[in-house]
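# Secondary and tertiary structure notes
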Amino acid sequence: MSAQTLFVTGTDTGIGKTRIAVALLHGLRAAGFSAVGYKPVASGCERTPAGLRNDDALALQKASTPGWDYDAINPIALAAPIAPHIAATEEGVAINRQVLDAGHARLANASDWVVVEGAGGWHVPLNEHTDFAHWVSGHRWPTLLVVGMRLGCVNHALLSARAIAGSTMLAGWIANTLPPRQPRLDDNIACLETLIAAPLRARVACDAPVDLALNPAPWVTRINLRE
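Overview of the structure. In this text, all values refer to a predicted model and were calculated from it rather than measured experimentally.

To continue, consider the state of the cysteines. Under the defined criterion, the tally for this structure stands at zero disulfides. With no disulfide of its own, Cys-153 has Cys-191 as its nearest cysteine by sulfur position, at a separation of 8.6 Å. Take Cys-153: its relative accessible area is 3%, and that puts it in the buried class.

Let us now look at the nonpolar core. Core analysis: the biggest nonpolar cluster contains 67 residues, and Trp-135 and Ile-196 have the highest contact counts within it. The leading source of residues in this core is helix 1 (residues 17-30), at six residues. Among all residues touching Trp-135, those that are not within four sequence positions of it are Phe-7, Tyr-38, Pro-40, Arg-97, Leu-100, Asp-101, Val-116, Leu-126, Thr-130 and Trp-141. Residues Ala-42, Cys-45, Leu-52 and Ala-77 belong to the second largest nonpolar core, which totals five residues.

This paragraph deals with the packing of helix 5 (residues 97-108) against helix 6 (residues 132-139). It is at 12 Å that the axes of helix 5 and helix 6 come closest, and there the two elements cross at 50 degrees. It follows from the interaxial angle that helix 5 and helix 6 lie oblique. Crossing hand, helix 5 versus helix 6: right-handed. Taking contact as the criterion, the partners of Arg-97, Leu-100 and Asp-101 in helix 5 are, on helix 6, His-134, Trp-135, Gly-138 and His-139. Looking at side-chain class alone, the contact of helix 5 with helix 6 contains two nonpolar, three polar and two charged residues.

Cut-off values and rules
- Residues numbered from 1 in each chain as written.
- Predicted model: local features only at pLDDT ≥ 70, side-chain atom pairs only at ≥ 80, totals over all residues.
- Heavy atoms only, no water.
- Disulfide = S-S within 2.5 Å.
- Buried < 20%, exposed > 50% of the residue type's maximum accessible area, 1.4 Å probe, protein only.
- Core = buried A, V, L, I, M, F, W, Y, C linked by side-chain atoms within 4.5 Å.
- Helix = DSSP H or I, 4+ residues; strand = E, 2+ residues; numbered from the N terminus.
- Contact = heavy atoms within 4.5 Å.
- Axes fitted to C-alpha atoms, helices over the stretch in contact; angles between N-to-C directions.
- Parallel < 35°, antiparallel > 145°, perpendicular 65-115°, else oblique.
- Left-handed = near helix turned anticlockwise from the far one by under 90°.
- Nonpolar A, V, L, I, M, F, W, Y, C, P; charged D, E, K, R; others polar.

So this is what it looks like as structure tokens:
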């Protein structure tokens, strides 16, 4: 078995990537697929008796088809709540593509779908030589952009969308409403619908269960991931 993969990135950190990735996993599983989340690199992990643990990775693990241990979901866990490449340097941890690829292959070989969640935005560095954009585009994984709807999001969304589309498939974008509600929210979403050359896949309210917007996310399975 070799899974299909969808990469979830965002316009910034803290804009709802995990919320959307979890909803996608629920939707894929509801549609009868085995699906697993992958958080290859996570900073801001808590020290526990079982080792470093990250809240986002734990949420992905809980939403995934059962049977995966934490280290499979999050192979590189970093304690400091800072940019991953800086945290890795401080903690003496090497982030390289071989480790990330091996972790993905382990999940993909036993699943129908792997939903990979990045850290921060599209061009967040992994080390001094590469970033998430290079890693994802090297695999040609289709990418879903989560836009945190708040003041300033139009510029962030357009820059991110164009960067993604320039190197891999932009599978669509999610308008994830953040509290407090953005003034002229509808106008901002309409603007992005006009200017982003990929479909708006869902509009998610900040005070509603995200699964109501995405579950079972049938559009995901219609993407031609082999292009």
